[in-house]
Amino acid sequence: MKIRLLVYFFRQAIQSLVRNGMVHAVGLGTMVVSLLIFGSFLLLFVNLSDWVEGWGENLTMSVYLEDGLDEKMKQAIMRHIQGLEGASVKEYISKERALEHLRAALGERSDLLESLSRNPLPASIEVIIRRHNPRRTDPAAIVKGIAALPGVSDVQYSEEWVNRFRNILEVVRLTGFIIGGLLGAGVIFIVTNTIKLGLYARQDEIEILKLVGATDWFVKIPFLMEGILQGLLSGFLANAILFVGYLILAARKTFFLGVAPIHFTFIPFDYALVILAVSAILGLIGSFIALGRFFNL
Amino acid sequence: MIQLFHVYKSFDANVALKDVNLKVREGEFVFVTGPSGAGKTTLLRLIFGAEKPTSGYILISGINLNRIRRLQLDLLRRKVGFVFQDFKLLPSKTVFENVALALEVSGHKPSFVRKKTRQALKAVGLAGKEEVYPLQLSGGEQQRVAIARAVVKDPILLLADEPTGNLDPELTQEIMVLFRSIHLSGTTVVVATHARELLEDTAQRTIFLEKGQVVGEK
């Protein structure tokens, strides 16, 4: 296609955007909100997923010991643990320290513990296993090995939680896709109607263009460009607003479920580009539908 | 140039044209006349390809309009100028832009469009009014803009539907002078009119339509 024709079409599209400014502004606003909802889901998903994966990098384990264990057996358990690949004992928490931790956690309500006749909390060993290759490490097998040691009453490990969160993430991802799909359909609907209003507003012009020998595509292309521009503009605005939202969130230290702090990251650059591309494509589809319904001159 | 064979055109139960047979040679100037509702506008719209005949054939420069494809019709319209009674000008565009539109759709260079548009406006006596909007012009001037738009592309055929219908006698004469000069440049001209005064002093071929039928010729 000749460059001067492209310039002509582009100029027509911009003129139409300006001429029907109010209609486009309303459409644009609605599209930005829709894309923002989808983008927020993406941001949530990316951050939760990073957080869960970061948490799962190191396997943490609490090895609870039986009451009345002598020092020799305790040392034997520790030696066994330290002999495991990548494992290190973070700390030994005696029954007394465990109670102190609980008292500190209960705060003002720690007087509840005064009624206890004996300390019910077990001593424990906090273990960290650094996983250089998470796939090669089988947490279940390690836990089983430790749990079988004499003097060990129970073993709890973070992987169980990580797996649970992974399942939650899957739900978030699926919900995001469903919502994204519905919002996408909504965006198409909005663009279709915005372009259709533009078409009706320029009905006389289209008629005259056809009377002086304009081809269908000559008339259609500016409208298609208009849809793409509207999509691109709303995609850009949605990304910009999302980024501002991210900056606000990133400035605060956020804990999720009170477990580990979330260090917010923005959606990757290619995801932002995908939002932009998808909005442009939705704009194009919307104007295609509008033109298809309108064009029967 | 124009050939019609047993052309019929109906709109639902209303018969607009009945068995019309017509030949217009290249370079001819023809008037089509008759009372309101005789079928003049329908005849011109059929020749322009804006309507399809219910039956019969229409050939324009050897092209069968019954079988013409959409794109072919668009390309044919670039060679045919049409002047409407209601001018069909875009009020939001300037005089220059309205005329230039006819060339822009063909993808001509902007410099060519500018040159030709200025020439056409000069030829219809509207030089210096390029940046004026149609609604700021008189009826006669608006009709001249419409004529400039029709002739700017150097059409092989010019169709005019009641081009003086909204104009006073003085302006009517001016417009007719314009059509004759266009005709002298080699363009085939077909003018539909019910204004008898236009036909009284003319030696041009005139086709009489009544109730959708050709009832005579002069």
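Note that the structure is predicted; figures quoted are calculated from it, not measured.

(A) Representation of the overall build of chain B in the model. Helix and strand counts for chain B come out as seven helices and ten strands. Here chain B holds 218 residues, and the buried ones make up 54% of them. Long-range contacts, defined as pairs at least 24 residues apart, comprise 69% of the intrachain contacts of chain B with a sequence gap of at least 6. If you sum the accessible surface of chain B, you get close to 10200 Å²; carbon and sulfur atoms cover 50% of it.

(B) Here's a closer look at the overall build of chain A. A count of helices and strands for chain A gives nine helices and six strands. Among the 297 residues that make up chain A, the fraction classed as buried is 44%. Long-range pairs, those at least 24 residues apart, make up 83% of the contacts in chain A between residues at least 6 apart in sequence. For chain A, the accessible surface area stands at approximately 16500 Å², while carbon and sulfur atoms represent 63% of it.

(C) Looking closely at the nonpolar core. Counting 70 residues, the largest nonpolar core has A:L199, A:F218, B:V83, B:I147, B:L158 and B:F179 as the members making the most contacts within it. Sequence-distant contacts of B:F179, defined by excluding residues within four places in its chain, comprise B:F29, B:V83, B:I147, B:L158, B:A160, B:P163, B:V189 and B:V191. By size, the runner-up hydrophobic cluster in this structure holds 32 residues, among which are B:I2, B:L76, B:V80 and B:A192.

(D) A look at the packing of helix α1 (residues 3-19) of chain A against helix α8 (residues 216-250) of chain A. All names here are of chain A. At a closest axis distance of 8 Å, the pairing of α1 and α8 adopts a crossing angle of 60°. Taken together, α1 and α8 sit at an angle that is classed as oblique. Viewed along their axes, α1 and α8 form a crossing whose handedness is right-handed. Contact residues: α1 offers L5, L6, Y8, F9, F10, Q12, A13, I14, S16 and L17, while α8 offers F218, I221, P222, M225, E226 and L229. Across the contact of α1 with α8, the residue classes break down as 13 nonpolar, two polar and one charged.

(E) Spatial organisation of the environment of B:E26. Residue and element names in this part refer to chain B. Summarising the element assignment, E26 is placed in the loop between β2 (14-24) and β3 (29-33). When its relative accessible area of 67% is taken as the criterion, E26 is described as exposed. For the pair E26 and I156, spaced 130 residues apart in sequence, the C-alpha separation works out to 8.3 Å. Here E26 is in contact with M1 and T188, once residues within four sequence places are set aside.

(F) The arrangement of a nonpolar patch on the surface in detail. Residue and element names in this part refer to chain A. A contiguous nonpolar patch, built from W217, I281, I285, F288 and I289 and spanning about 450 Å² of accessible area, is present on the exposed surface. No other element matches helix α9 (residues 269-294), which puts four residues into the nonpolar patch. If you trace the backbone, I285 turns up in helix α9.

(G) Layout of the side chain of B:R78. Structurally, B:R78 can be placed in the loop between α2 (70-77) and β6 (80-83). Buried charged residue B:R78 carries no salt bridge. Nearest counter-charge: B:D74, at 6.6 Å. Other than its neighbours up to four places away in sequence, B:R78 contacts A:V212, A:G213, A:T215, B:V105, B:S106 and B:K153.

(H) Inspection of the pairing of strand β9 (residues 205-210) of chain B at higher detail. All names here are of chain B. Here β3 runs beside β9; their pairing, made up of four bridges, is parallel. If you follow F31 over to β9, its bridge partner there is T206. With four bridges connecting them, β9 and strand β10 (residues 213-217) associate as antiparallel partners. Following the sheet pairing, I207 is matched in β10 by E217. Here β9 folds back onto β10, and the loop between the two strands holds two residues, one of which, K211, carries a positive phi near 50°.

(I) The pattern of salt bridges, seen in detail. As enumerated under the stated definition, the model contains 21 salt bridges over all chains in all. Here A:E170 and A:R173 are joined by a salt bridge, their closest N and O atoms 3.0 Å apart. Taken together, the residues A:E170 and A:R173, both in helix α6 (residues 158-201) and three residues apart, mark about one turn of the helix. Taking relative accessible area as the criterion, A:E170 reaches 43% and is therefore assigned partly exposed. Residue classification places A:R173 among the partly exposed residues on the basis of a relative accessible area of 36%. Here B:D74 makes a salt bridge to A:K210, at a shortest N to O gap of 3.1 Å.

(J) Spatial organisation of the interface of chain A and chain B. Across the boundary between the two partners, chain A contributes 20 residues, which contact 21 residues of chain B. Both faces considered, chain A and chain B share a buried interface measuring about 1800 Å² in area, 57% of it formed by carbon and sulfur atoms. Ranking the residues of chain A by area buried against chain B places A:I208, A:L211 and A:V212 at the top, with a combined share of 33%. A salt bridge links B:K93 to A:E205, with the shortest nitrogen-to-oxygen separation between them at 3.9 Å. Between the two partners, chain A and chain B, sit five residue pairs in polar contact (both at pLDDT 80 or more). Elements with a minimum of two residues in the side of chain A that touches chain B: α1, α7 (203-211) and α8 of chain A. It is α7(A) that provides the largest number of residues to the side of chain A that touches chain B, a total of seven residues. The class makeup of the residues in the side of chain A that touches chain B is ten nonpolar, three polar and seven charged.

(K) Representation of the sheet that holds β3(B). Residues and elements named next belong to chain B. Spatially, β6-β7-β8-β3-β9-β10 is the arrangement adopted by the six strands of the open sheet, whose pairing is mixed. Each having just a single partner strand, β6 and β10 make up the two edges of the open sheet. Pairs of neighbouring strands in the sheet enclose a mean axial angle of 20°, with direction left out of account. Lying over the sheet, helix α5 (residues 139-151) contacts β6 and β7 (157-161), oriented at roughly 170° with respect to β6. Relative to β3, helix α6 (residues 169-184) is tilted by about 140°, and along the sheet it contacts β3, β6, β7 and β8 (188-193).

(L) Structural detail: α6(B). Residues and elements named next belong to chain B. In this model, α6 (16 residues) spans 23 Å end to end at C-alpha, consistent with the 22 Å of a helix rising 1.5 Å per residue. Turning to α6, its buried residues number three or more, namely L171, T172, I175, M176, L178, F179, I182 and H183. The arc enclosing the buried residues of α6, seen along the axis, measures out at 155°, which places them on a common side. α6 presents P169, E170, V177 and L184 as exposed residues on the side facing more than 90 degrees away from its buried surface. Once α6 finishes, G186 follows within two positions and takes phi at roughly 110°, a positive value.

Rules of the game
- Residues numbered from 1 in each chain as written.
- Chains lettered and ligands numbered in written order.
- Predicted model: local features only at pLDDT ≥ 70, side-chain atom pairs only at ≥ 80, totals over all residues.
- Heavy atoms only, no water.
- Helix = DSSP H or I, 4+ residues; strand = E, 2+ residues; numbered from the N terminus.
- Buried < 20%, exposed > 50% of the residue type's maximum accessible area, 1.4 Å probe, protein only.
- Contact = heavy atoms within 4.5 Å.
- Areas by Shrake-Rupley, 256 points an atom, 1.4 Å probe, with all protein chains shown as cover.
- Core = buried A, V, L, I, M, F, W, Y, C linked by side-chain atoms within 4.5 Å.
- Axes fitted to C-alpha atoms, helices over the stretch in contact; angles between N-to-C directions.
- Parallel < 35°, antiparallel > 145°, perpendicular 65-115°, else oblique.
- Left-handed = near helix turned anticlockwise from the far one by under 90°.
- Nonpolar A, V, L, I, M, F, W, Y, C, P; charged D, E, K, R; others polar.
- Patch = residues over 30% accessible without salt bridge, like charges linked within 9 Å, V, L, I, M, F, W, Y side chains within 5 Å.
- Salt bridge = Lys/Arg side-chain N within 4 Å of Asp/Glu carboxyl O.
- Lys, Arg positive; Asp, Glu negative; His and termini not counted.
- Pairing = 2+ DSSP bridges.
- Buried area = accessible area lost by both parts, 1.4 Å probe.
- Polar contact = N/O pair within 3.5 Å; in protein donor to acceptor, adjacent residues only side chain to side chain.
- Expected span 1.5 Å × (residues − 1).
- Arc of directions from axis to C-beta.

Keep in mind these values describe shape, not function.
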